[in-house]
Each structure stands twice: as C-alpha cells, then as structure tokens.
Amino acid sequence: MSDHPALLQALAAQLGAAAVLTDAATLARAASDLYASGPLPLAVVRPADPAQVQQLVATASGHDVALVPRGGGLSYTGGYTGSQQPFLLVDMSALDRIEHIDADDMYVIVQAGVTWKQLYDALAPLGLRTPYFGTFSGAGASIGGGLSHGALFFGSARYGSAADNVLALELVTADGQWLRTGQWAWREPALPVFRGYGPDPTDLFLHDGGAFGIKTRAALRLIRTPAHSAGASFAFAGFEAAGKALSAIAREGLAEEAYVLDPGAMAMNLERERSLRAAWTALRQVTRATPGLAGKARALASLAAGGRTPVPADAFSLHLVAAGNSPAAVEHDLGRARALARQHGGVAIAPSVPRIARANPFPGLDAVLGASGARWAALNCKLAHSQATALITAHQALVARYAQALHEHGVRVTWLCSALFNHSFSFEAVFHWHDQWQPTHAVHLSPQARARLQEPAANPQARALVATLREETCALFVQMGAASNQIGRTYPYLDNLAPPARQLLQTLKQQLDPARRMNPGVLGL
C-alpha cells in the first residue's frame, strides 16, 4: 500500500474516503474466497454507481496496478484471488439498483451488484421473473458475478444459465472506456430486445471472469411467472439409474429444474432442517407459496406423507419442478416424468425437497458452511447426456481409491447433478471437511449461526487431501472432454483451447487490456 499512496488518495478524493478501504480485516476478507486465500489487495474500492466505476478504472489505468472485480464473494475457484501484482479489489456490491422493469417489452435493466434474491423479490409482485431466476446462494450472489463466472439452477432445466438470458451488457474496459453490447452498442442505442443484428459481442464478455472488463449493467429477459407449478421426487437404488432418469426427463423438457442428490447430500440437507422451528418454517413457506386452499391442503398432505425423512436413507433422489399456465399442462409434464422415472427404477416419494426449495429459494447464506461448521467446496462440469454414466462411474472410482485417506482425515464427498437445458448434464462433486474457516465464511453467516457454530482447528492434512482430489477431478473432467463454469483460476481453460481459438482470445485480451491489468491470471489469461 505504501508504494501507491497517490493512487489511493486520488481515488478517495473521487469516490469518497469511505469507498476506499485499507483496514487489515477488510483486506484479509478481500483476499479470500470460500476455498483459499491470495495476496492482499492495496485497497478495497466500493464504487457507488457505474460512473464511479469508469472514474476509478480511468484513474487506475495511469498506475501500474491491476483491477480485480468481485460480486457477492461466494466463489471457491479463485475468480478474484491470486493476482501476484499490486491490485485493487473492486467490490461491486454497492451497484445494487434495479433501474428499469419493462412489462411491455419484457426486459429488466439491473446494475451488476443486484442480487438474484433482490431481483426475484422485486419482480414477484408484478407476476414477472427472469427465466433463469437464481442460484442456491442468490441471497448474496450478484448478477454481475453470475454473468462473469457462471450461475445456474432455478429455471435452468428449461431456460439455461444466467448467461443464456442476457440481452445486453455495459462494461468498462481496462483503459476506462465504456463498451456496450446488443442494441445498446448502436450509435443511437435502442431498446435491448434483440441480439441477432449481425455479430454481437455479448457472449465474449460472459463467463470471462472479469478478464475483459468490469460489468456495470445488464439487460435480462423477462417472462410471466407461470400460473401453476408442482414438484415431484423419486428414489433410486443407484447413482447411475438416477442420472439416466434425470437425462430422460431433461431431454423432453419437462421441468424448470431437475436435480439428483446422493444419500450424503440428502442427509446433510435433513440435518439442517431437523429442528422443530425449521419444520414449522418450511410449512409456512410452502403454504404461502402454494395458491388456493385446495393446493395448500395437497402441499401440506404431501409434506406430512414424507415426514421429516422423505427420502430412504441409502437412496439417490431425483427432484423436479414442472410449471405451466394450466393445471393440465403441469400434470401432463409430471405424468410423463413419473413414467420416465419408473422406467429407470424410480419410486415416487413425497416431493418435500422441491416444494421447500421453491417456497424459499434464497434462504440466507448459512450454507456456506455445513450444519456442524464443516467447510465445503465444489467442482462442476457440463457434458453430454450420453457421457454421464461414464463420468459418474469414473468419479466414484476416483473417490474409492482414496477411501482410507478420506476416513482418516474426515473428508466426505457428495454429488449434485442437474439438467441444463435439454442437452447438457451438469455434474458437481462437493468435498466436505472440518478445517479452519476462511475470512469470508463468518462474514456470510447469520448471527444465529455464528453463535451456534464453533470454528474447527486447522486441519492441513484434510486440506491437502481435498486439494489432491480437486486436482484429479479437474483432470478427469479434461479427460472426458467436459466443460465447466465458474472457471476462475481452478479449471484449465486457455490450455484446453485449440491454437486458433486460443490466439483469438489472446488477441482480444491484448486489444482490450494490453497492460494485462484486468484480473490477470483468470481463465489462464
């Protein structure tokens, strides 16, 4: 910090002293994600609006410092950690305004720091939502972060990821210039409703990890919230059967989200819900989210039938939500899903999991840690449905090779698979272990969780084992030809590209950021 006092003073004069933070605790939090820590930034800078982003980037461009944008700070793949050169951490959370909701032309304009929960809550009273409407961590995860690193889950089986629902972007490049895409890029900007007017660069700035600029605004598609929805759940004896059923349901486009949980993941979920208070909360949420007295009665009966253990202890479970504008349409899709699940050995169980998930999709951020305070970190990949069984088998074999070490060091592995559109199978391995927390963990916990949980002692042996498992898992994904989102600095990206594609990306980086100041190292750039 002492080498760059003039820059920090200039930024404080431009943005206000409260927007330029240099205290030790803030810098430590800024240097870490939920998995690892990197070098400390010179400062954490919190611009209050898009114009201030442009000002700080223009000011910083005259100094030999890097700029690393951060959204909600909930990643675990090094997306905003690891820069070895002096850098400013640009905290985008104060750009939190929903600027325009257009129910006639069906788009919404949001600033990059808006969270998925904030947007969902603003649209719900209007009977609107984005097609994909958020990730598990949507109470804190930002839209800018989701577009930069990849976000998916709620709505993804039908509508894809966050990036698939973008109409236009605004960003600031490394030299402090504005760059706009879609119809915002026109000499006379138009309403952002179409991206097919010639080659459009929007996709170049999605999932880029902030390597090409700092996103300030986005225009997203809207849909009318489906008038009816219902969940279904099925138990399977094995992982492969559940995965095949997931693929069959995804291919026919029967659900807005469809996902498989393994027994370990389900047990952890039930542990969080075990208290009486949690049970009553779940009941209230489900009844509020279900329309009509008859619908509420059916929802409560379904939950009661499942009790607090709706999934058999050793079963892999598949859960889905179907949605449409008539009860008949929803029942048709559920009926077909039931038939496909039965074909793969599935047994219908109470749909408690999808009902509770949809009733309160963004419940808070205590899940950054396990119920007992354990840490966790996930790795994901996307591949063809025809390859899913081979990957499931291969990763189970990989984990089995470390069975003794896993037992000795208290490391657990669970899996979550989901549908992304009808053509992509999403596979996620999650590693759980007790270890000293990262500085970011406690920041996201509620006061109740902080009071209840005790931070474990440092556990370098378990940490090293998890690092090995992550490295071998990433290598397996490459071997399978699988792609990943939330690439950050964890997954090999640039090295996996063929020379012409690699050269194109490097040329784009050189054009936009010749001094390599914009989040250097992310994506391997």
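The structure we're discussing is the one just above.
Keep in mind it's a predicted model, so treat the numbers as computed, not measured. (Residues numbered from 1 in each chain as written. Predicted model: local features only at pLDDT ≥ 70, side-chain atom pairs only at ≥ 80, totals over all residues. Heavy atoms only, no water.)

Caption draft 1: Representation of helix α11 (residues 327-343). Given a rise of 1.5 Å per residue, 17 residues ought to cover 24 Å, and the 24 Å separating the end C-alpha atoms of α11 matches this to within 8%. For α11, the set of buried residues is Val330, Asp333, Leu334, Ala337, Ala339, Leu340 and Ala341. As for α11, its buried residues are in contact with α6 (156-159), β12 (228-236), α7 (239-251) and β14 (316-324). One or two positions beyond α11, positive phi appears at Gly345, with a value near 90°. (Helix = DSSP H or I, 4+ residues; strand = E, 2+ residues; numbered from the N terminus. Expected span 1.5 Å × (residues − 1). Buried < 20%, exposed > 50% of the residue type's maximum accessible area, 1.4 Å probe, protein only. Contact = heavy atoms within 4.5 Å.)

Caption draft 2: A look at the packing of aromatic side chains. Enumeration over the complete set of coordinates arrives at 16 aromatic pairs. Note on Tyr35 and Trp433: the rings are 6.3 Å apart at their centroids and 70° apart in plane angle, and the pair reads as edge-to-face. Placement of the pair is Tyr35 in the loop between α2 (24-30) and β2 (43-45) and Trp433 in strand β18 (residues 424-433), with a sequence separation of 398 residues. Grouping residues by exposure puts Tyr35 and Trp433 together as buried. Taking the centre distance of 5.1 Å and the plane angle of 80° together, the rings of Trp116 and Tyr132 count as edge-to-face. Here Tyr132 lies in the loop between β7 (128-129) and α5 (143-149) and Trp116 lies in helix α4 (residues 116-123), a separation of 16 residues in the sequence. Of the two residues, Trp116 and Tyr132, neither departs from the other in class, the shared state being buried. Above the ring of Tyr80, the side-chain terminus of Arg70 is found at 5.8 Å from the ring centroid. Just above the ring of Tyr35 sits the side chain of Arg470; from NZ or CZ to the centre is 3.7 Å. (Phe/Tyr/Trp six-rings, centres within 6.5 Å; stacked < 30°, edge-to-face > 60°. Lys NZ or Arg CZ within 6 Å of the ring centre and 35° of its normal.)

Caption draft 3: Structural context of empty space enclosed by the protein. Going through the model one piece at a time under the given rule, you end up with two cavities of 30 Å³ or more. Within this model, the largest cavity holds a volume of roughly 40 Å³. Broken down by class, the residue content of the lining of the largest cavity amounts to three nonpolar, eight polar and one charged. The computed volume of the second largest cavity comes to approximately 30 Å³. (1 Å grid on protein atoms, 1.4 Å probe; cavity = no way out; pocket = protein on both sides within 12 Å on 5 of 7 lines; lining within 4 Å. Points joined across faces, edges and corners; volume = space filled by probe spheres on them. Nonpolar A, V, L, I, M, F, W, Y, C, P; charged D, E, K, R; others polar.)

Caption draft 4: Spotlight on the environment of Ala313. The residue Ala313 is located in the loop between α10 (293-306) and β14 in this model. Residue classification places Ala313 among the exposed positions, given a relative accessible area of 67%. Along the primary structure Ala313 and Ala235 are separated by 78 residues, whereas in three dimensions their C-alpha atoms are 9.9 Å apart.

Caption draft 5: Structural context of the sheet that holds β14. If you trace the seven strands from one edge of the open sheet to the other, you get β15-β12-β14-β13-β17-β18-β16, paired in antiparallel fashion. Of all the strands in the sheet, just β15 (347-349) and β16 (375-383) have a single pairing partner and so form its edges. Averaged over all pairs of adjacent strands, the angle between strand axes in this sheet comes to 25°, irrespective of strand direction. Looking at chain direction, strand β17 (residues 412-420) and β18 are connected through nine bridges and run antiparallel. Within the sheet, the bridge partner assigned to Leu416 lies in β18 and is Glu428. Lying over the sheet, α11 contacts β12 and β14, oriented at roughly 10° with respect to β12. Most of the contacts of helix α13 (residues 388-401) go to β18, to which it runs at about 15°, and overall it touches β14, β16, β17 and β18. (Pairing = 2+ DSSP bridges. Axes fitted to C-alpha atoms, helices over the stretch in contact; angles between N-to-C directions.)

Caption draft 6: A look at the nonpolar core. Ranked by size, the top nonpolar core spans 113 residues in total, and within it Trp116, Leu220, Leu318, Leu320 and Phe427 carry the most contacts. It is helix α17 (residues 460-480) that contributes the most residues to this core, eight residues altogether. If we ignore the near neighbours within four places in the chain, the residues touching Phe427 are Phe239, Leu379, Asn380, Cys381, Leu391, Ile392, His395, Trp415, Leu416, Cys417 and Phe477. Counting 24 residues, the second largest nonpolar core, distinct from the first, contains Leu42, Val45, Ala60 and Met92. (Core = buried A, V, L, I, M, F, W, Y, C linked by side-chain atoms within 4.5 Å.)

Caption draft 7: Representation of the packing of α7 against α13 within the structure. It is the contact of α7 with α13, at a shortest axis distance of 10 Å, that shows an interaxial angle of 150°. Here α13 runs roughly antiparallel to α7, going by the angle between their axes. Here the hand of the crossing between α7 and α13 comes out right-handed. Judged by residue contacts, Phe239, Glu240 and Lys244 of α7 engage Thr389, Ile392, Thr393 and Gln396 from α13. Class assignment of the residues belonging to the contact of α7 with α13 gives a composition of two nonpolar, three polar and two charged. (Parallel < 35°, antiparallel > 145°, perpendicular 65-115°, else oblique. Left-handed = near helix turned anticlockwise from the far one by under 90°.)

Caption draft 8: Representation of the pattern of salt bridges. On inspection of all chains with the given rule, the structure shows 20 salt bridges. The shortest N-O distance in the salt bridge between Asp333 and Arg158 comes to 3.8 Å. One end of the pair, Asp333, is in helix α11; the other, Arg158, is in helix α6, with 175 residues separating them in the sequence. By relative accessible area, which is 14% here, Asp333 ends up buried. For Arg158, a relative accessible area of 25% corresponds to the partly exposed category. Arg180 is the salt-bridge partner of Glu170, the closest N and O atoms lying 3.1 Å from each other. (Salt bridge = Lys/Arg side-chain N within 4 Å of Asp/Glu carboxyl O.)

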